[in-house]
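# Structural description and commentary
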Amino acid sequence: MEVVILAGPAEVGAHTAALIARRSAASPEMVLGIATGSSPMGTYRELARLRAQGTVDFDHMRCFALDEYVGLPRQHPASYGVVVAREVTTALGLEPANVSTPDGSAADLHQACRDYEASLTAAGGVDLQILGIGRNGHIGFNEPMSSLASRTRIKRLSAQTRADNARFFPPGESVPTHCITQGLGTIMEAREIVLVAQGEAKAKALAAAIEGPVASACPASLLQFHPHVTMVLDEAAASQLTLTDHYRSDEESTPCFAGRPL
Ligand code: GLP
(Lines give C-alpha, C1' and ligand atoms only; values in the text may rest on other atoms or scores of the structure.)
Protein backbone atom coordinates (compact mmCIF):
# COMPACT_ATOMS: atom_id res chain seq x y z
CA MET A 1 0.00 0.00 0.00
CA GLU A 2 1.31 3.41 -0.97
CA VAL A 3 0.30 6.33 1.28
CA VAL A 4 0.64 9.76 -0.29
CA ILE A 5 0.13 12.75 2.02
CA LEU A 6 -0.53 16.10 0.37
CA ALA A 7 -1.21 19.60 1.66
CA GLY A 8 -4.96 19.88 1.09
CA PRO A 9 -8.01 18.92 -0.97
CA ALA A 10 -6.81 20.74 -4.11
CA GLU A 11 -3.57 18.75 -4.15
CA VAL A 12 -5.45 15.49 -3.53
CA GLY A 13 -7.73 16.19 -6.52
CA ALA A 14 -4.85 17.21 -8.80
CA HIS A 15 -2.71 14.21 -7.86
CA THR A 16 -5.52 11.69 -8.33
CA ALA A 17 -6.75 13.24 -11.58
CA ALA A 18 -3.21 13.18 -13.00
CA LEU A 19 -2.95 9.48 -12.10
CA ILE A 20 -6.27 8.68 -13.82
CA ALA A 21 -5.27 10.74 -16.86
CA ARG A 22 -2.02 8.75 -17.15
CA ARG A 23 -3.85 5.45 -16.94
CA SER A 24 -6.44 6.60 -19.48
CA ALA A 25 -3.77 7.82 -21.92
CA ALA A 26 -2.06 4.41 -21.70
CA SER A 27 -5.33 2.51 -22.00
CA PRO A 28 -8.17 4.60 -23.49
CA GLU A 29 -10.74 1.81 -23.10
CA MET A 30 -10.03 1.41 -19.42
CA VAL A 31 -12.82 0.63 -16.97
CA LEU A 32 -12.89 3.21 -14.18
CA GLY A 33 -14.74 2.46 -10.97
CA ILE A 34 -16.24 5.63 -9.58
CA ALA A 35 -17.23 6.65 -6.07
CA THR A 36 -19.76 9.30 -5.14
CA GLY A 37 -19.88 11.39 -1.98
CA SER A 38 -17.88 14.59 -1.67
CA SER A 39 -14.38 13.05 -1.50
CA PRO A 40 -13.72 12.41 -5.23
CA MET A 41 -15.48 15.52 -6.56
CA GLY A 42 -12.26 17.56 -6.70
CA THR A 43 -10.70 14.76 -8.74
CA TYR A 44 -13.60 14.72 -11.22
CA ARG A 45 -13.49 18.51 -11.56
CA GLU A 46 -9.76 18.41 -12.22
CA LEU A 47 -10.30 15.69 -14.84
CA ALA A 48 -12.94 17.89 -16.48
CA ARG A 49 -10.46 20.78 -16.49
CA LEU A 50 -7.76 18.63 -18.11
CA ARG A 51 -10.27 17.51 -20.73
CA ALA A 52 -11.31 21.12 -21.44
CA GLN A 53 -7.62 21.94 -21.94
CA GLY A 54 -7.44 19.18 -24.54
CA THR A 55 -4.85 17.25 -22.49
CA VAL A 56 -6.99 14.10 -22.25
CA ASP A 57 -10.22 12.66 -23.57
CA PHE A 58 -12.40 9.93 -22.15
CA ASP A 59 -14.30 9.02 -25.31
CA HIS A 60 -13.73 5.30 -24.87
CA MET A 61 -13.63 5.02 -21.09
CA ARG A 62 -16.26 2.94 -19.32
CA CYS A 63 -17.37 3.61 -15.75
CA PHE A 64 -19.14 1.67 -13.02
CA ALA A 65 -20.44 3.35 -9.88
CA LEU A 66 -20.05 1.60 -6.55
CA ASP A 67 -23.51 2.02 -5.13
CA GLU A 68 -27.01 3.52 -5.20
CA TYR A 69 -29.78 4.19 -2.71
CA VAL A 70 -32.77 1.86 -2.78
CA GLY A 71 -36.18 3.35 -3.46
CA LEU A 72 -35.34 6.85 -4.67
CA PRO A 73 -37.03 7.97 -7.88
CA ARG A 74 -34.48 7.80 -10.69
CA GLN A 75 -34.43 11.58 -11.10
CA HIS A 76 -34.09 12.37 -7.39
CA PRO A 77 -31.29 14.96 -7.00
CA ALA A 78 -29.53 12.89 -4.31
CA SER A 79 -29.63 9.63 -6.29
CA TYR A 80 -26.18 8.52 -7.29
CA GLY A 81 -27.41 7.97 -10.83
CA VAL A 82 -28.17 11.70 -11.10
CA VAL A 83 -24.93 12.73 -9.37
CA VAL A 84 -22.84 10.46 -11.61
CA ALA A 85 -24.61 11.71 -14.74
CA ARG A 86 -23.80 15.32 -13.80
CA GLU A 87 -20.36 15.06 -12.18
CA VAL A 88 -18.87 12.32 -14.33
CA THR A 89 -20.79 11.49 -17.52
CA THR A 90 -21.52 15.06 -18.60
CA ALA A 91 -18.47 16.68 -17.01
CA LEU A 92 -16.01 14.26 -18.62
CA GLY A 93 -17.87 13.92 -21.94
CA LEU A 94 -18.51 10.19 -21.55
CA GLU A 95 -20.96 8.21 -23.61
CA PRO A 96 -23.99 7.69 -21.29
CA ALA A 97 -24.11 4.07 -22.47
CA ASN A 98 -20.59 3.62 -21.07
CA VAL A 99 -21.58 4.61 -17.52
CA SER A 100 -23.41 2.23 -15.20
CA THR A 101 -24.97 2.69 -11.76
CA PRO A 102 -26.79 -0.03 -9.79
CA ASP A 103 -30.57 0.12 -10.29
CA GLY A 104 -31.96 1.01 -6.87
CA SER A 105 -35.50 1.31 -8.18
CA ALA A 106 -35.69 -2.10 -9.87
CA ALA A 107 -38.79 -4.22 -9.21
CA ASP A 108 -36.48 -7.14 -8.41
CA LEU A 109 -33.55 -5.70 -6.47
CA HIS A 110 -31.80 -9.04 -5.98
CA GLN A 111 -31.83 -9.58 -9.73
CA ALA A 112 -30.52 -6.02 -10.23
CA CYS A 113 -27.57 -6.93 -7.97
CA ARG A 114 -26.82 -10.08 -9.97
CA ASP A 115 -27.16 -8.14 -13.23
CA TYR A 116 -24.68 -5.53 -11.99
CA GLU A 117 -22.10 -8.19 -11.15
CA ALA A 118 -22.65 -9.72 -14.59
CA SER A 119 -22.15 -6.38 -16.34
CA LEU A 120 -18.89 -5.81 -14.43
CA THR A 121 -17.69 -9.23 -15.51
CA ALA A 122 -18.78 -8.65 -19.12
CA ALA A 123 -16.78 -5.40 -19.17
CA GLY A 124 -13.67 -7.34 -18.12
CA GLY A 125 -13.60 -6.01 -14.56
CA VAL A 126 -12.46 -2.68 -13.17
CA ASP A 127 -8.99 -1.44 -14.10
CA LEU A 128 -8.86 1.43 -11.61
CA GLN A 129 -11.29 1.87 -8.75
CA ILE A 130 -11.64 5.26 -7.05
CA LEU A 131 -12.85 5.07 -3.45
CA GLY A 132 -13.78 7.46 -0.70
CA ILE A 133 -14.15 6.35 2.91
CA GLY A 134 -16.95 6.86 5.41
CA ARG A 135 -16.28 8.10 8.94
CA ASN A 136 -16.98 4.55 10.13
CA GLY A 137 -14.52 3.05 7.65
CA HIS A 138 -17.07 2.02 5.02
CA ILE A 139 -16.13 1.79 1.34
CA GLY A 140 -18.89 1.86 -1.23
CA PHE A 141 -21.75 1.37 1.19
CA ASN A 142 -20.15 -1.63 2.89
CA GLU A 143 -20.83 -0.75 6.49
CA PRO A 144 -18.84 -2.17 9.43
CA MET A 145 -19.27 -5.95 9.79
CA SER A 146 -19.88 -6.40 6.08
CA SER A 147 -18.60 -9.73 4.85
CA LEU A 148 -15.07 -9.35 3.55
CA ALA A 149 -16.07 -11.67 0.66
CA SER A 150 -19.36 -9.91 -0.17
CA ARG A 151 -20.65 -9.30 -3.68
CA THR A 152 -23.08 -6.67 -4.97
CA ARG A 153 -26.14 -6.82 -2.72
CA ILE A 154 -28.73 -4.90 -0.74
CA LYS A 155 -27.39 -3.40 2.50
CA ARG A 156 -28.92 -1.49 5.39
CA LEU A 157 -27.25 1.87 6.00
CA SER A 158 -25.92 2.69 9.45
CA ALA A 159 -27.41 5.55 11.44
CA GLN A 160 -24.10 7.40 11.17
CA THR A 161 -23.95 7.10 7.38
CA ARG A 162 -27.57 8.24 7.05
CA ALA A 163 -26.83 11.25 9.28
CA ASP A 164 -23.62 12.06 7.38
CA ASN A 165 -25.38 11.90 4.02
CA ALA A 166 -28.43 13.94 5.08
CA ARG A 167 -26.61 17.02 3.76
CA PHE A 168 -27.16 15.80 0.19
CA PHE A 169 -30.96 15.59 0.64
CA PRO A 170 -33.57 18.36 0.57
CA PRO A 171 -34.40 19.68 4.07
CA GLY A 172 -36.93 17.50 5.88
CA GLU A 173 -36.44 14.54 3.58
CA SER A 174 -35.01 11.41 5.18
CA VAL A 175 -32.10 9.42 3.77
CA PRO A 176 -33.13 5.98 2.47
CA THR A 177 -32.54 3.12 4.87
CA HIS A 178 -31.12 0.74 2.27
CA CYS A 179 -28.80 0.71 -0.71
CA ILE A 180 -27.32 -1.53 -3.37
CA THR A 181 -23.55 -1.64 -3.13
CA GLN A 182 -20.75 -3.53 -4.76
CA GLY A 183 -19.43 -5.97 -2.18
CA LEU A 184 -16.00 -5.90 -0.61
CA GLY A 185 -15.11 -8.99 -2.65
CA THR A 186 -16.25 -7.19 -5.80
CA ILE A 187 -14.21 -4.07 -5.01
CA MET A 188 -11.11 -6.15 -4.24
CA GLU A 189 -11.17 -7.55 -7.80
CA ALA A 190 -10.32 -4.14 -9.26
CA ARG A 191 -6.79 -4.30 -10.66
CA GLU A 192 -5.80 -1.02 -8.99
CA ILE A 193 -7.45 1.00 -6.24
CA VAL A 194 -6.97 4.65 -5.28
CA LEU A 195 -8.68 5.89 -2.13
CA VAL A 196 -9.00 9.65 -1.70
CA ALA A 197 -9.75 11.39 1.59
CA GLN A 198 -9.66 14.90 2.93
CA GLY A 199 -10.39 16.41 6.32
CA GLU A 200 -10.00 15.50 9.97
CA ALA A 201 -13.36 13.74 10.13
CA LYS A 202 -11.79 10.84 8.21
CA ALA A 203 -8.57 10.65 10.25
CA LYS A 204 -9.69 8.00 12.75
CA ALA A 205 -11.13 5.68 10.07
CA LEU A 206 -7.97 6.05 7.98
CA ALA A 207 -5.69 5.21 10.91
CA ALA A 208 -7.73 2.04 11.49
CA ALA A 209 -7.79 1.19 7.78
CA ILE A 210 -4.08 1.75 7.11
CA GLU A 211 -2.37 0.87 10.39
CA GLY A 212 -4.95 -1.22 12.26
CA PRO A 213 -5.72 -4.91 11.94
CA VAL A 214 -7.69 -6.18 8.95
CA ALA A 215 -11.18 -6.52 10.35
CA SER A 216 -14.74 -6.19 9.11
CA ALA A 217 -15.26 -3.62 11.88
CA CYS A 218 -13.32 -1.30 9.53
CA PRO A 219 -14.16 -2.45 5.98
CA ALA A 220 -11.47 -0.26 4.37
CA SER A 221 -8.80 -2.22 6.28
CA LEU A 222 -9.38 -5.05 3.78
CA LEU A 223 -7.45 -2.93 1.28
CA GLN A 224 -4.28 -4.04 3.10
CA PHE A 225 -4.73 -7.34 1.24
CA HIS A 226 -4.87 -5.68 -2.19
CA PRO A 227 -1.66 -5.74 -4.23
CA HIS A 228 -1.96 -2.25 -5.75
CA VAL A 229 -3.55 0.39 -3.54
CA THR A 230 -2.69 4.06 -3.20
CA MET A 231 -4.18 6.18 -0.41
CA VAL A 232 -4.16 9.87 -1.41
CA LEU A 233 -4.76 11.91 1.73
CA ASP A 234 -4.51 15.49 2.80
CA GLU A 235 -2.67 16.44 5.99
CA ALA A 236 -5.87 16.59 8.06
CA ALA A 237 -7.04 13.15 6.93
CA ALA A 238 -3.57 11.74 7.69
CA SER A 239 -3.36 13.38 11.11
CA GLN A 240 -3.91 10.20 13.16
CA LEU A 241 -1.41 8.04 11.28
CA THR A 242 1.70 7.13 13.25
CA LEU A 243 4.08 6.08 10.44
CA THR A 244 3.97 9.36 8.52
CA ASP A 245 7.78 9.71 8.42
CA HIS A 246 7.93 6.40 6.62
CA TYR A 247 5.21 7.38 4.12
CA ARG A 248 6.89 10.70 3.40
CA SER A 249 10.34 9.17 2.89
CA ASP A 250 8.69 6.67 0.56
CA GLU A 251 7.35 9.54 -1.51
CA GLU A 252 10.74 11.21 -1.73
CA SER A 253 12.78 8.14 -2.59
CA THR A 254 10.33 5.96 -4.50
CA PRO A 255 8.10 7.83 -6.95
CA CYS A 256 6.83 4.52 -8.28
CA PHE A 257 4.82 1.53 -7.17
CA ALA A 258 6.14 -2.02 -7.45
CA GLY A 259 8.81 -0.88 -9.85
CA ARG A 260 6.43 0.95 -12.16
CA PRO A 261 6.23 4.76 -12.44
CA LEU A 262 3.07 6.10 -10.84
C1 GLP B 1 -20.83 7.67 0.88
C2 GLP B 1 -20.56 6.76 -0.33
C3 GLP B 1 -19.14 6.32 -0.37
C4 GLP B 1 -18.28 7.50 0.05
C5 GLP B 1 -18.47 7.76 1.51
C6 GLP B 1 -17.84 9.04 2.01
O7 GLP B 1 -21.95 7.44 1.57
N8 GLP B 1 -21.42 5.65 -0.48
O9 GLP B 1 -18.82 5.82 -1.65
O10 GLP B 1 -16.93 7.20 -0.17
O11 GLP B 1 -19.82 7.65 1.87
O12 GLP B 1 -18.58 10.14 1.63
P13 GLP B 1 -17.98 11.61 1.58
O14 GLP B 1 -16.92 11.55 0.53
O15 GLP B 1 -19.11 12.49 1.18
O16 GLP B 1 -17.43 11.89 2.91
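Scroll up a little and you will see the structure.
Residues numbered from 1 in each chain as written. Predicted model: local features only at pLDDT ≥ 70, side-chain atom pairs only at ≥ 80, totals over all residues. Heavy atoms only, no water.

Moving on, we get to the pattern of salt bridges. In total, this model carries 10 salt bridges according to the counting rule given. A salt bridge links Asp103 to Arg74; its shortest N-O distance comes to 3.2 Å. Of this pair, Asp103 sits in the loop between strand 5 (99–100) and helix 4 (109–122) while Arg74 sits in the loop between strand 4 (67–69) and helix 3 (80–90), and the two are 29 residues apart along the sequence. Ionic pairing is found between Arg151 and Glu189, a salt bridge with its closest N-O pair at 2.9 Å. (Salt bridge = Lys/Arg side-chain N within 4 Å of Asp/Glu carboxyl O. Helix = DSSP H or I, 4+ residues; strand = E, 2+ residues; numbered from the N terminus.)

Alignment of strand 2 (residues 31–34) against strand 3 (residues 62–65), held across 4 bridges, turns out to be parallel. Looking at the pairing, Leu32 lines up with Cys63 of strand 3. Since strand 2 and strand 3 lie parallel, the crossover through helix 2 (residues 41–53) that links them has a hand, and here it is right-handed. The sheet contact formed by strand 3 and strand 5 spans 2 bridges and is parallel. (Pairing = 2+ DSSP bridges. Right-handed = clockwise from strand over helix to strand, strands pointing away.)

All right, on to the site of the ligand then. Not every one of the 15 residues close to the ligand is listed here, only the nearest: Ser38, Ser39, His138, Asn165 and Lys202. With respect to the ligand, the side chain of Arg167 contributes an N or O atom lying 2.8 Å from an oxygen atom. Relative to its free-state accessible area of 390 Å², the ligand is covered by the protein chains to the extent of 96%. Partitioning the shell around the ligand into residue classes produces 4 nonpolar, 8 polar and 3 charged. (Near = heavy atom within 4 Å. Polar contact = N/O pair within 3.5 Å; in protein donor to acceptor, adjacent residues only side chain to side chain. Areas by Shrake-Rupley, 256 points an atom, 1.4 Å probe, with all protein chains shown as cover. Nonpolar A, V, L, I, M, F, W, Y, C, P; charged D, E, K, R; others polar.)

One pass over the full model with this rule turns up 5 aromatic pairs. Judged by centre distance (4.9 Å) and plane angle (45°), the ring pair of Tyr69 and Tyr80 falls under tilted. Of the two residues, Tyr69 sits in strand 4 while Tyr80 sits in helix 3, which places them 11 residues apart along the sequence. Each member of the pair, Tyr69 as well as Tyr80, carries the same accessibility label: buried. Geometrically, the ring pair formed by Tyr69 and Phe141 is tilted, given 5.4 Å between the ring centres and 55° between the ring planes. In this pair, Tyr69 is assigned in strand 4 and Phe141 in the loop between strand 6 (128–131) and strand 7 (153–156), connecting sequence segments 72 residues apart. Residue class for Tyr69 comes out buried when judged on its relative accessible area of 1%. In this structure Phe141 comes out as buried when scored by relative accessible area, which is 2%. (Phe/Tyr/Trp six-rings, centres within 6.5 Å; stacked < 30°, edge-to-face > 60°. Buried < 20%, exposed > 50% of the residue type's maximum accessible area, 1.4 Å probe, protein only.)

Functional significance is not addressed by these values, which are geometric in nature.
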